[in-house]
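These are the residues of each chain, in order.
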Amino acid sequence: MYNAFISYSHSSDDNFAPALQNALQKFAKPWLRKRNLEIFRDESSLDASPHLWGNITKALDQSEYLILLASPISENSPWVNKEVEYWLEHKSIDKILIALTAGKMEWDNQNNCFLNPDKNSLPPTLDDKFTDEPFFIDLRQSKTEQDLSLNNPIFKKEILKLAAKLHGKAPNDLASEEVSIHRKMIRLRNGVFIVLSLLLISATILAVKAIFENNKAQSLLVSVIAKDLTNDDPTIAIRLAEYGYKKHPSNDRLSQEKYYSVEKTLEDIWSNAVEKKLLFYEKKINGNRFKYSSNKINGTPLPVQLTSAAISPDENKIAIAFNKDNSVIPGVIYDYKSDNLIELSAVDTKYNLNQGIEFSPDGEKVMIIYAKGPPIIYDAKTGIPGNVQIFKPLENDVSIYNANFSPDGTKIIVNYLTNSGKRAAGIWDVKTGELIDDLDCASCRLSPDGAKIMTFKPIGNSEYNVSIWDRESQKQISNLKEYIHFSSELFFSTDGNKVFYFSPYIKPHLSRIWDVNTGEIITNFHEGKSLDFFREAKFSPDDKIIATRSIMGDAILRKSETGDTIAVLRPSRFEKFSSISFSSDGNKIVTASLDYVKIWDLKFTEFISNYDRQLEINDTLESLAKGAPIMMVDSADRNKISRILSNQAPFKKEFDSLRALVLNTEQIIAWLNNQGQIHTLTQEDLNDLYLNFIKL
């Protein structure tokens, strides 16, 4: 049985009919029912059949009401007229409900009939059948899909009228029932939402608890394994303990079991490594370490003495010069990225002590500067020397003060002392070894690019007047606004626009930076103690930092603009730095001592300069590895490239002994987070320890 049959014209009301059917079925529908009314509409209710009219009449017979969608087009529809005629033959006209969708339908109250029957929207069959104004709803204002929705108040009001007729109820009663059902639906929905939320919260709590317990178990397991590895592999041990702490940073139950406390394990590994000076190995070079021993006595290698070192422009290689008294070769080039070692071929030079080693700007050549005699230039790929001893007049017993490649790498600029003690300088062609320019001055220095000349004119018995000249135009640029002592040392900055000056042998020990263009003092460094004697000074590539190597063997980094100390770099115990140089980008410094070459990371040096007091000899080192060595090359041992904890971790120096400062867990974790070069834990490490079920 159907509550109503919808009769409509497909060409005009194809959108109204399904919207009307859907609205009547849903209006005031209890949530358990599929639909509130059974409404017949041919397209949704009829199966494909050749007996179309028979099925329609059967549906009309089973319907309580006929809902007619009236419009000018349906008025002339043969099917609509046929359905209305059949209804009138078998049902009451009082059971016809009209929904006006278009056109007009005006009732004449005086004559009890419709006006202009030929122009209204009713089928001709109904023009003279009504004796009283029939029931109808007006849907002409509802045109779009949004309009034909129960969310539209106008459409919903008309549907209420029609639905009330079909339900046999007053509109107000049906509206109240619809509101009541809607509220029940909201309460039911909220109840279901609350139940599902409680289930979700319970499931989440259980999942979090399971993860918590799993992390706790993993933390305990790696803590036990880390403790066992403390002496055998401190790097993996401390990284395992770090992983365990991060997995489960606090655990009351574990804290009571002090031996297996994650925090205590981490602190114990740290203290043990510091106390026993165990090495944390560097991750970039896969544990391979450079070692070189060139001499043997009864088959036993002897370590060579390292005198100077430099890092290549691409920072993949280190060039190291040896003291020839205990080495058959002058030095090596070590590619620590590929772990490849190139020996520099031996050259018969008169003097053994070298002044330094330097890469050319393109990294293709290496130059060793000897204390006396000409520098030797090597091919950085093969270690074979180029032109030997043809840098005239440097084959004579002159003392080399310093030498460097020109910015384009085609020339070398050499400052030296003649046998008579005159400060001289010259420029040589790298390829041919021929002299390009021999400066005709009584005493002079060249800037690193060879563009400026510094001359010294004696004033009295022990002082000089210093002038700066343009080499090409031979015009004077400036005079330094102060006389200097004859024993003073002066260095040009990288760009040749500054001069660093210090007087190591007289008091007070003055240190200055002068402006080359004006001759004015830019920076006064200090009037220091005897411990501040300088052996060497180097400007960074951007001239913002000046590094000095003192007579005590350490190196001090200062801001060139203010003279403020940035950091103090310490050599290993019982050693002194023999050379110091910057990398091409200025972010690293290479130092050499008798046994070690170290590369220091300068990215965090600003942090050090904020300390209340600077680090002095036998003072407390409290820096968390800022400005600390990132790699060490040992001349006597071949194990792993490593970090020496005693040079970068928090320590106290008390006379000849070292003892570790006590760090808590958070401080150790902070220190580890700052060590980008120390090997970090990998999945492969866990697999090797049969911990492959733990995923990083």
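Residues numbered from 1 in each chain as written. Predicted model: local features only at pLDDT ≥ 70, side-chain atom pairs only at ≥ 80, totals over all residues. Heavy atoms only, no water.

Q: How do you make sense of the pairing of strand β20 (residues 423–429) when you look at a structure like this?
A: As a general feature of sheets, a regular strand has side chains that alternate between the two faces. β20 sits mainly inside the fold: 6 of its 7 residues count as buried. Here strand β19 (residues 411–417) runs beside β20; their pairing, made up of 7 bridges, is antiparallel. Bridge pairing in β20 links Lys411 to Asp429. Of the strand pairs in this sheet, β20 and strand β21 (residues 435–438) are connected by 3 bridges, and their pairing is antiparallel. Following the sheet pairing, Gly426 is matched in β21 by Asp438. (Buried < 20%, exposed > 50% of the residue type's maximum accessible area, 1.4 Å probe, protein only. Helix = DSSP H or I, 4+ residues; strand = E, 2+ residues; numbered from the N terminus. Pairing = 2+ DSSP bridges.)

Q: Please explain the sheet that holds strand β31 (residues 534–539) as it appears in this structure.
A: Reading across the sheet, the 4 strands line up as β31-β32-β33-β34 and stay open at both edges, with antiparallel pairing between neighbours. Edge positions in the open sheet fall to β31 and β34 (565–569), since each of these has one partner strand only. On average, adjacent strands in this sheet sit at an angle of 20° to one another, irrespective of strand direction. In the sheet, β31 pairs with strand β32 (residues 545–550) via 5 bridges, with the strands oriented antiparallel. Considered in β32, the bridge of Glu536 is made with Arg549. (Axes fitted to C-alpha atoms, helices over the stretch in contact; angles between N-to-C directions.)

Q: How should I be thinking about helix α13 (residues 665–673) in this particular structure?
A: One full turn of an α-helix is made of 3.6 residues, so residues set three or four places apart face in the same direction. Restricting attention to buried positions, one finds in α13 the residues Thr665, Ile668, Ile669, Trp671 and Leu672. All buried residues of α13 lie within an arc of 160° about the axis, which places them on one face of the element. (Arc of directions from axis to C-beta.)

Q: Help me understand the packing of aromatic side chains in this model?
A: What characterises a pair of aromatic rings is the spacing of the ring centres plus the angle enclosed by the ring planes. Within this structure, the stated rule accounts for 7 aromatic pairs. Ring centres 4.7 Å apart and planes at 15° place the aromatic pair Phe5 and Phe40 in the stacked group. Remark: Phe40 occurs in strand β2 (residues 39–40) and Phe5 occurs in strand β1 (residues 2–7); sequence separation between them is 35 residues. With respect to burial, Phe5 and Phe40 carry one shared label: buried. Measuring from ring centre to ring centre gives 6.1 Å for Phe114 and Phe130, while their planes differ by 85°; the resulting arrangement is edge-to-face. Here the residue Phe114 occupies a position in strand β6 (residues 113–114), and Phe130 occupies one in the loop between β6 and β7 (136–138), the gap between them amounting to 16 residues. Across this residue pair, the class does not change: Phe114 and Phe130 are buried. Three or more aromatic residues joined by ring pairs make a cluster, and in this case those are Tyr2, Phe5 and Phe40. Sitting over the face of the ring of Trp53, Lys82 holds its NZ or CZ atom 4.5 Å from the ring centroid. Across from the ring centre of Trp79, 5.4 Å away, lies the NZ or CZ of Lys82, which sits over that ring. (Phe/Tyr/Trp six-rings, centres within 6.5 Å; stacked < 30°, edge-to-face > 60°. Lys NZ or Arg CZ within 6 Å of the ring centre and 35° of its normal.)

Q: Hey, could you run me through the sheet that holds β20 in this one?
A: Two orientations exist for strands paired in a sheet by backbone hydrogen bonds: parallel and antiparallel. With antiparallel pairing, 4 strands are arranged side by side in an open sheet as β18-β19-β20-β21. This sheet does not close on itself; its edge strands, each paired only once, are β18 (399–405) and β21. The mean inter-strand angle of the sheet, taken between neighbouring strand axes irrespective of direction, is 20°.

Q: Whenever I open this one, the pattern of salt bridges confuses me. Can you help?
A: Opposite charge on two side chains allows them to pair when their charged atoms are near. All told, the structure shown has 20 salt bridges when counted by the stated rule. A salt bridge links Lys264 to Asp268; the shortest N-O distance between them is 2.8 Å. You can see Lys264 and its partner Asp268 sitting in helix α11 (residues 262–276), 4 residues apart, about one turn around the helix. One salt bridge connects Lys588 with Glu315, and the closest N-O pair in it is separated by 3.0 Å. In this pair, Lys588 sits in strand β36 (residues 588–592) while Glu315 sits in the loop between β11 (306–311) and β12 (317–322), placing the two residues 273 residues apart along the sequence. Given a relative accessible area of 13%, Lys588 falls into the buried group. For Glu315, a relative accessible area of 17% puts it in the buried group. Salt bridges sharing partners connect three or more residues here, namely Lys227, Lys264 and Asp268. (Salt bridge = Lys/Arg side-chain N within 4 Å of Asp/Glu carboxyl O.)

Q: Hey, could you run me through the nonpolar core in this one?
A: Nonpolar side chains tend to gather and get buried jointly when the protein is soluble and globular. Ranked by internal contacts, the top residues of the largest apolar core, which has 30 residues, are Ile6, Leu20, Leu24, Ile67, Leu69 and Leu166. Of all elements in the fold, only β1, α2 (16–26), β3 (63–70), β4 (96–100), α7 (153–167) and α8 (171–228) reach the threshold of two or more residues within this core. Setting aside residues up to four positions removed in sequence, Ile6 forms contacts with Ala17, Leu20, Gln21, Ile39, Phe40, Ile67 and Leu69. If you look at the next biggest cluster of nonpolar residues, it comprises 24 residues, including Ile225, Leu229, Ala241 and Tyr245. (Core = buried A, V, L, I, M, F, W, Y, C linked by side-chain atoms within 4.5 Å. Contact = heavy atoms within 4.5 Å.)

Q: What's the story with the confidence of the model for the chain in this structure? I'm lost.
A: Low pLDDT means the predicted atomic positions in that stretch should not be read closely. Of all residues in the chain, 76% attain a pLDDT of 70 or more, and the chain-wide mean is 76. By mean pLDDT, the top-scoring element of the chain is β3 (93), and the lowest-scoring one is strand β38 (residues 620–621) (26). Here residues 251–259 scores under 50 on pLDDT; set against residues more than four positions off or in separate chains, the count is 12 contacts. Predicted confidence for residues 284–302 stays below pLDDT 50, and this span has 63 contacts to residues more than four positions away or in other chains. (pLDDT = per-residue confidence, 0-100.)

Q: When you look at unusual backbone geometry in this model, what are you seeing that I'm missing?
A: Excluding glycine, residues mostly carry a negative phi; peptide bonds, for their part, are mostly trans. For Asn112, which is not glycine, the phi torsion reads 50° and is therefore positive. Along the polypeptide, Asn112 turns up in the loop between β5 (107–108) and β6. Under the relative-accessibility criterion, Asn112 is labelled partly exposed at 37%. If you check the backbone angles, Tyr690 has positive phi at about 60° while not being a glycine. Positionally, Tyr690 belongs in the segment after α14 (683–688).

Q: How do you make sense of the environment of His10 when you look at a structure like this?
A: Considering the arrangement of structural elements, one finds His10 in helix α1 (residues 10–13). Separated by 69 residues in sequence, His10 and Trp79 have C-alpha atoms that sit 10.0 Å apart. With residues up to four places along the chain from it excluded, the contact list for His10 reads Asp42 and Glu43.

Q: Which parts of the structure should I look at to understand the packing of helix α9 (residues 234–247) against α13?
A: Packing of α9 against α13 brings their axes to within 11 Å, and their N-to-C directions diverge by 115°. α13 is crossed by α9, and the crossing has left-handed handedness. Taken together, the residues of α13 that come into contact with α9 (itself represented by Ile238, Arg239, Glu242, Tyr245 and Lys246) are Thr665, Glu666, Ile668, Ile669, Leu672 and Asn673. Among the residues forming the contact of α9 with α13, the class breakdown is 5 nonpolar, 2 polar and 4 charged. (Left-handed = near helix turned anticlockwise from the far one by under 90°. Nonpolar A, V, L, I, M, F, W, Y, C, P; charged D, E, K, R; others polar.)

Q: Teacher, can you tell me more about α8 here?
A: A rise of 1.5 Å per residue sets the reference length of α8, with its 58 residues, at 86 Å; its end C-alpha atoms lie 84 Å apart and thus fit the reference within 8%. Turning to α8, its buried residues number three or more, namely Leu174, Glu178, Ile181, Asn215, Lys216, Gln218, Ser219, Val222, Ser223, Ile225, Ala226 and Lys227. (Expected span 1.5 Å × (residues − 1).)

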